[in-house]
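Spelled out from the first residue to the last, the chains are:
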Amino acid sequence: MKIIICGAGQVGGQIARHLAREQGANSVTVIDSNASLVRRITDANDVTGVTGFASHPDVLDRAGARDADMVIAATQSDEVNMVVCQISHSIFSVPRKIARLRAPAYLNAIYSDLYRREHLPIDVVISPEFAVADAVMQRLAAPAAFDIESFLGDRAQLVGITLDDSCAALNTPLRQLTELFSTIRAIVVGVRRGERLFVPGSLDQLYTEDQIYIFTATEDVPRLMDVFGKSHLDVGRCLVIGAGNIGLNVTQKLEKRPRKVRVKLIERDRDRAELAADSLKRSVVLHGDGLDLELLEEANVDSMDAVLALTDDDKTNILACVRAKTEGAKLVVALVNDPSLIGLIAPMGIDAYVNPRATTVSSILRYVRHGRIRAVYTIGDGEAEVIEVQVLGTSAIAGRRVRDSEIPDGAIIGLIAKGDRLVVPQGDTRIEEGDLLTVFAMRDVVADVERQFQVGLDFF
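What counts as what
- Residues numbered from 1 in each chain as written.
- Predicted model: local features only at pLDDT ≥ 70, side-chain atom pairs only at ≥ 80, totals over all residues.
- Heavy atoms only, no water.
- Phe/Tyr/Trp six-rings, centres within 6.5 Å; stacked < 30°, edge-to-face > 60°.
- Helix = DSSP H or I, 4+ residues; strand = E, 2+ residues; numbered from the N terminus.
- Buried < 20%, exposed > 50% of the residue type's maximum accessible area, 1.4 Å probe, protein only.
- Axes fitted to C-alpha atoms, helices over the stretch in contact; angles between N-to-C directions.
- Parallel < 35°, antiparallel > 145°, perpendicular 65-115°, else oblique.
- Left-handed = near helix turned anticlockwise from the far one by under 90°.
- Contact = heavy atoms within 4.5 Å.
- Patch = residues over 30% accessible without salt bridge, like charges linked within 9 Å, V, L, I, M, F, W, Y side chains within 5 Å.
- Areas by Shrake-Rupley, 256 points an atom, 1.4 Å probe, with all protein chains shown as cover.
- Salt bridge = Lys/Arg side-chain N within 4 Å of Asp/Glu carboxyl O.
- Lys, Arg positive; Asp, Glu negative; His and termini not counted.
- Charge placed at Lys NZ, Arg CZ, Asp CG, Glu CD.

Trainee: For this particular structure, what's the right way to read the packing of aromatic side chains?
Mentor: The relation between two aromatic rings is expressed through the spacing of the ring centres and the mutual angle of the planes. For the coordinates displayed, the defined rule picks out three aromatic pairs. Judged by centre distance (5.5 Å) and plane angle (80 degrees), the rings of F146 and Y213 are edge-to-face. With F146 in the loop between α6 (128-141) and β7 (147-151) and Y213 in strand β11 (residues 211-217), this residue pair connects regions lying 67 residues apart in the sequence. Exposure remark for F146: the relative accessible area of 6% places this residue in the buried category. Here Y213 falls in the buried class, since its relative accessible area comes to 1%. Through a chain of ring-to-ring contacts, three or more aromatic side chains come together here, namely F146, Y213 and F440.

What follows is the structure, encoded as structure tokens:
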């Protein structure tokens, strides 16, 4: 499939890297007005680069829009992304168009059907703010997890937790955890020990301070947390720092929760603070700096069940979380855009983070499917990926038992959905046509994993 990606920033670059790995299946062209960004992507990946303004018809023409199958508009400008889709439709008749849009004014109009598709021809709208807000709410649903993501139609969760001395599974080979997991559908798929992330084998043991990734059935998450010594935190008081689109969206979601949550919101910009105050019903809005200790004390940070630092500045978010934790907040969550900073999260005592790039990329890749790949989620700074895939009859893995599959070292099959059943894979589990699989794979073997399922390309 011929795909044009407009925007060579973090999101566009990550999508290009993913699609370029599908050797022979995709022809990828990246457009950006920044020549150095284009050169960086083309030097590192098997993609074509075009320097220019993505909304200009001649630039799209040079990128091959006349015979493109899909355009992904992921620049920093909503207006450019919309124009790209309009031109791709009106002039080049591109069949599939995906746009990333941020401004609530556009999103509200589109979702309320004020814009009809024939007037604004965008097939899929991706809202980073909405997707990230949902990710933040997921963190609150499992406060003891530093990372959590839904798979298999929300029936399964990938949960990341840090182990401490209260964990009953310490110093036990993973193959012997069957008794601990006897009533839980769960499998450990990844372990970060110090700076190293790896896929564990059956003889590997878990140790204090390990960060582990576990696939489990959504309804089994509370029991899983009990097994690993993680107490449940009922969030009744919450402090949100940053009233941007994400912070405001999260606060509004908190207000709509069935169980009442008392929310305070801190915003540095007075105009934005006033806008937030007018948009909220029950929350208290404070004008000031989220790093100001006096303001945090005024907001009663020491009594907060959760503090969510959601400004557009990574360093502010990290420092605000550290300060809030020091003052006594039970749970702190930071919004971190720069993946190189994610390694600082655990050492600084921050409970969880949300990476907008990973969330947005995952949202977009749900609509760009190779074979039957349905979702992709990035771990850390692209160190590993979690893939959800449907098995077709012609897939190389179809009809084989797990022990006979050619899933490479550095990858492991997580939960399998067989119709309405969720199955923890064993060596003799047979992978059948129609099964939905989750796979945790280290970066250097992702392409090998995807080739097990590659049977051609389709999209919604």
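Trainee: I tried to follow helix α12 (residues 356-365) on my own but got confused; where do I start?
Mentor: In an α-helix, one full turn covers 3.6 residues, which means residues spaced three or four apart are oriented alike. Of all ten residues making up α12, ten are buried, and the element is well covered by its neighbours. When we look at burial in α12, the residues that qualify are P356, R357, A358, T359, T360, V361, S362, S363, I364 and L365.

Trainee: I would appreciate a short explanation of the packing of α6 against helix α8 (residues 245-255) in the present structure.
Mentor: Helix-helix packing is described using two parameters, namely the angle between the two axes and the distance between the axes. Relative to each other, α6 and α8 sit at 50 degrees, their axes nearing to 9 Å. Relative to α8, the element α6 lies oblique. When you trace α6 past α8, the crossing you get is right-handed. Every residue of α8 that contacts α6 at E129, F130, V132, A133, D134, V136, M137 and L140 is listed here: N245, I246, N249, V250, K253 and L254.

Trainee: Hey, could you run me through α8 in this one?
Mentor: The buried fraction of α8 amounts to eight of the eleven residues, a majority that puts the element mostly inside the structure. Inspection of α8 places I246, G247, L248, N249, V250, T251, L254 and E255 among the buried residues, and these make up the whole buried set. Packed against the buried residues of α8 are α6, β12 (237-241), β13 (262-267), α9 (270-279), β15 (306-309) and β16 (331-335).

Trainee: How do you make sense of a nonpolar patch on the surface when you look at a structure like this?
Mentor: A surface patch of nonpolar side chains, about 250 Å² in accessible area, is lined by L319, L344 and M348. You can see M348 is positioned in the loop between β16 and β17 (352-354). For M348, a relative accessible area of 34% corresponds to the partly exposed category.

Trainee: What's the story with the environment of L239 in this structure? I'm lost.
Mentor: Mapped onto the elements, L239 comes out in strand β12. What makes L239 buried here is its relative accessible area of 0%. Distance in space between the C-alpha atoms of L239 and L197 is 32 Å, their sequence separation being 42 residues.

Trainee: Would you take a moment to explain a positive patch on the surface for this structure?
Mentor: A cluster of basic residues, R237, K256, K260, R262, K281 and R282, forms a positive patch on the protein surface. In this structure, R262 sits in strand β13.

Trainee: Mind showing me how you'd approach the environment of G64 here?
Mentor: Position of G64 among the secondary structure elements: in the loop between α3 (57-62) and β4 (70-73). In sequence terms G64 and G380 are 316 residues apart; their C-alpha atoms lie 33 Å from each other. Discounting chain neighbours no more than four positions away, the residues touching G64 are K2 and I4.

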